[in-house]
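# Examination of the molecular architecture
This is what each chain is made of:
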Amino acid sequence: MQPVLGQTSLLFIRAAQQLHKLMLPRQRQGAFLQVVTPVVIQDLGLASAPKPLKPKKPKGHTEKVKHFVDYKRLVVRGGSGGDGCMSFTSLYRKEFAGPDGGNGGNGGHVIFQASSNCKSLAHLKSVITAESGMKGATRMCHGRNAEHTYIEVPPGTIIRRESAESVGNLDKVGEICIVARGGAGGKGNYFFLTNENRAPAKAELGAKGQEERLRVELRTMAHAGLIGFPNAGKSTLLRAISRARPKVAAYPFTTLNPHVGIVEYDDYEQVAVADIPGLIKGAHQNRGLGISFLRHIQRCACLLYVLDLSSGEPWTQLQDLRFELEQYEPGLSQRPHAIVGNKVDVEGAQDVLAELQAHVDLPVFAVSAKYRTGIEPLLDHLRELYDKHAGKGT
Ligand SMILES: Nc1nc2c(ncn2[C@@H]2O[C@H](COP(=O)(O)OP(=O)(O)OP(=O)(O)O)[C@@H](O)[C@H]2O)c(=O)[nH]1
Ligand SMILES: [Mg+2]
C-alpha cells in the first residue's frame with residue numbers, strides 16, 4: 001500500500017521544489033532528497049532509532065598517538081606591571097619645568113575560558129605567564145597596558161589550588177575565570193606633583209603579577225568507559241568502533257594512558273568512549289597502574305565491562321572489577337552499565353558465553369573486536385544508554 005503523505009510533507013516538498021529550481025546544477029545533486037527525506041520520514045511517523053555510522057575518514061598515519069589528558073598541574077603567573085618613570089623636564093628658557101615621568105602599564109591577567117573548541121587539557125603548558133605592562137616614559141608617556149592571556153579549556157573544567165581550595169568551575173561555554181591577576185603599573189613622578197612638593201623625586205615600581213600553583217581537572221571525561229582486566233581487548237574494541245588508535249599488543253598493561261574515541265550516529269550525535277588502562281585485583285590499594293585510573297572511571301557516565309571470553313571464568317572477572325570499583329567509591333559499580341564478552345571468535349568461547357549469560361542478569365554483548373563482529377548491537381545499546389543517562393537531556 002502506498003503511504004499517504006501528511007500535510008506538512010506536501011507543503012514542505014513544494015517549498016523544496018521551488019528552492020531546488022533556484023540552485024546551481026552542481027548544488028542540486030542529492031540536495032532535494034537530503035532536505036525532504038527527514039521531514040517526510042518524521043511526518044509519516046517512520047522515524048527509527050539512530051544508527052551508528054562507519055567512520056568515513058581513514059585512520060591517521062602519523063606515528064604519534066595523543067592520549068587523553070583530563071588532569072594537569074600547572075603554574076600560572078600574571079604579568080608584572082610596568083615601572084613608573086622618574087624624570088624632570090627642561091625646556092627652552094625654563095630650565096626646571098617640573099616632573100614629567102609617566103605611569104607604567106598594568107600587567108595582563110591569565111584567564112581560563114570554557115570553549116567548545118577543545119576537548120581535553122593536553123594543550124595546557126605547565127607554566128603559563130601573561131604579558132607584562134610597559135614602563136612609563138618621559139614627557140608624561142604612560143606605558144601600554146598588557147593584553148590578558150585567554151586560555152581555552154573544555155566546559156566542565158574544575159580549577160583548584162594546591163591546597164584543594166576551589167578557584168572556579170567552568171560549566172558553560174563562554175564562562176571565564178581569572179586564575180592569576182596581573183600587577184598594577186607603578187606611578188611615575190608626575191603623579192606625585194603637588195602644591196607642596198613641586199619636584200617629587202619618587203616613582204613606583206610595577207607590582208609583580210600573582211603566581212598560583214593550580215590543579216586543573218575535567219569533571220567528565222567521556223560518556224562511556226571501557227573497563228576490564230589487562231589484555232581483555234579494550235583498545236582493540238575502541239579501534240573497531242572509532243578512529244582512535246590506542247596501541248594493541250598481546251601483553252598486559254599495553255595502554256598506560258586513557259584514550260578517547262568518538263562513535264558517530266546518523267543523527268549527528270557523537271558519543272565519546274574512553275579506553276581506560278587495565279585494572280587488576282587490589283587496584284583500589286594502588287596496585288597495578290594504581291588508583292589514578294579509578295579516578296578516570298569516576299568521570300564516565302556509563303560503563304562497559306569488557307570481559308575476555310577466552311580466559312577461564314569471565315564472571316569472576318566481572319565480580320572482581322565491580323569489587324574494585326565499589327572499594328574505590330561506593331556505588332560506582334552501579335553506574336548504568338552493559339557487559340561485553342570479547343574474543344567470541346576463540347574456540348570454546350560460545351560455551352563460556354552461555355555460562356556467563358547464566359551468571360549475570362544483564363544481556364551480554366558477544367563481540368569479536370579483532371574481527372569486528374557483533375559490534376552493531378553493542379553500538380545500538382550504547383546509544384540507548386547515552387540517551388538515557390549521558391545525553392543532553394540529563
Ligand atoms: N582472537 C581475538 N583476539 C583479540 C580480540 N580482541 C583483542 N584481541 C587480542 O588481545 C590482545 C590484547 O588486546 P588489547 O586491545 O591490547 O587489550 P587491552 O584490554 O587494551 O589491554 P591493556 O591495554 O593491557 O589493558 C591483543 O593481542 C589482541 O590482538 C578478539 O576479539 N579476538
Ligand atoms: Mg589497551
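Residues numbered from 1 in each chain as written. Chains lettered and ligands numbered in written order. Predicted model: local features only at pLDDT ≥ 70, side-chain atom pairs only at ≥ 80, totals over all residues.

### So, the overall build of the chain
When its secondary structure is counted, the chain shows 8 helices and 14 strands. Taken across its 394 residues, the chain has 38% of its residues classed as buried. For the chain, contacts bridging at least 24 residues in sequence account for 72% of all contacts bridging at least 6. (Helix = DSSP H or I, 4+ residues; strand = E, 2+ residues; numbered from the N terminus. Buried ≥ 20, exposed ≤ 12 C-beta atoms within 10 Å, placed from the backbone. Contact = placed C-beta atoms within 7 Å.)

### Here's the deal with the pairing of strand β10 (residues 259-264)
The pairing of β10 with strand β11 (residues 270-275) spans 6 bridges and is antiparallel. Bridge assignment links Glu264 to a residue of β11, and that residue is Gln270. Here β10 folds back onto β11 in antiparallel fashion, the turn holding 5 residues, of which Tyr268 has a positive phi close to 65°. (Pairing = 2+ DSSP bridges.)

### Section: the sheet that holds strand β2 (residues 110-114)
In a beta sheet, neighbouring strands pair by backbone hydrogen bonds and run either parallel or antiparallel. Spatially, the 3 strands line up as an open sheet ordered β4-β2-β7, and their pairing is mixed. Every interior strand has two partners, whereas the edge strands, β4 (149-153) and β7 (176-180), have only one. Neighbour-to-neighbour, the strand axes of this sheet turn through a mean angle of 30°, independent of strand direction. Taken together, the 4 bridges between β2 and β7 define a ladder with antiparallel strand orientation. Paired with Ile111 across the two strands is Ile178, which belongs to β7. (Axes fitted to C-alpha atoms, helices over the stretch in contact; angles between N-to-C directions.)

### Quick look at the site of ligand 1
In the neighbourhood of ligand 1, 24 residues make up the surrounding shell, with Gly233, Ser235, Thr255, Gly278 and Lys370 lying closest. With 3 residues, helix α4 (residues 234-241) is the largest single contributor of residues to the shell around ligand 1. Classifying every residue of the shell around ligand 1 gives 10 nonpolar, 10 polar and 4 charged. (Near = placed C-beta within 6 Å. Nonpolar A, V, L, I, M, F, W, Y, C, P; charged D, E, K, R; others polar.)

### Let's talk about the confidence of the model for the chain
Residues with a pLDDT of 70 or more make up 87% of the chain, whose mean pLDDT is 86. Per-element confidence in the chain ranges from a low mean pLDDT of 57 for helix α3 (residues 31-43) to a high of 97 for strand β3 (residues 127-129). (pLDDT = per-residue confidence, 0-100.)

### Some words on helix α7 (residues 349-359)
Among all positions of α7, only Ala349, Val352 and Leu356 are buried. End-on view of α7: buried residues confined to an arc of 60°, all on one side of the axis. More than 90 degrees from the buried face of α7, the exposed residues found are Asp351, Ala354 and Ala358. Buried residues in α7 make contact with β12 (300-308), α6 (314-328), β13 (337-342) and β14 (364-366). (Arc of directions from axis to C-beta.)

### Some thoughts on unusual backbone geometry
At Arg93, a residue that is not glycine, the phi angle is positive and equals roughly 65°. The topology assignment puts Arg93 in the loop between β1 (71-77) and β2. In this structure, Ala164 is a non-glycine residue whose phi angle is positive, near 75°. Judged by the 7 C-beta atoms lying within 10 Å of it, Ala164 is exposed.

### Things to note about the nonpolar core
Membership of the largest hydrophobic core comes to 56 residues, with the highest contact counts inside it found for Ala224, Ile227, Val273, Ala274 and Tyr305. Take this core: its biggest share by element is 8 residues, from β12. Among residues more than four places away in sequence, those in contact with Tyr305 are Ile227, Gly228, Leu318, Leu321, His337, Ile339 and Val340. (Core = buried A, V, L, I, M, F, W, Y, C linked by C-beta atoms within 7 Å.)

### Remarks on the sheet that holds β10
Taken together, the 6 strands give an open sheet; going across it, the order is β10-β11-β9-β12-β13-β14, and neighbouring strands pair in mixed fashion. The sheet terminates laterally at β10 and β14, the two strands that pair on one side only. Pairwise comparison of adjacent strand axes, ignoring direction, gives a mean angle of 30° for this sheet. Across the sheet, α7 is in contact with β12, β13 and β14; its angle to β14 comes to roughly 165°.

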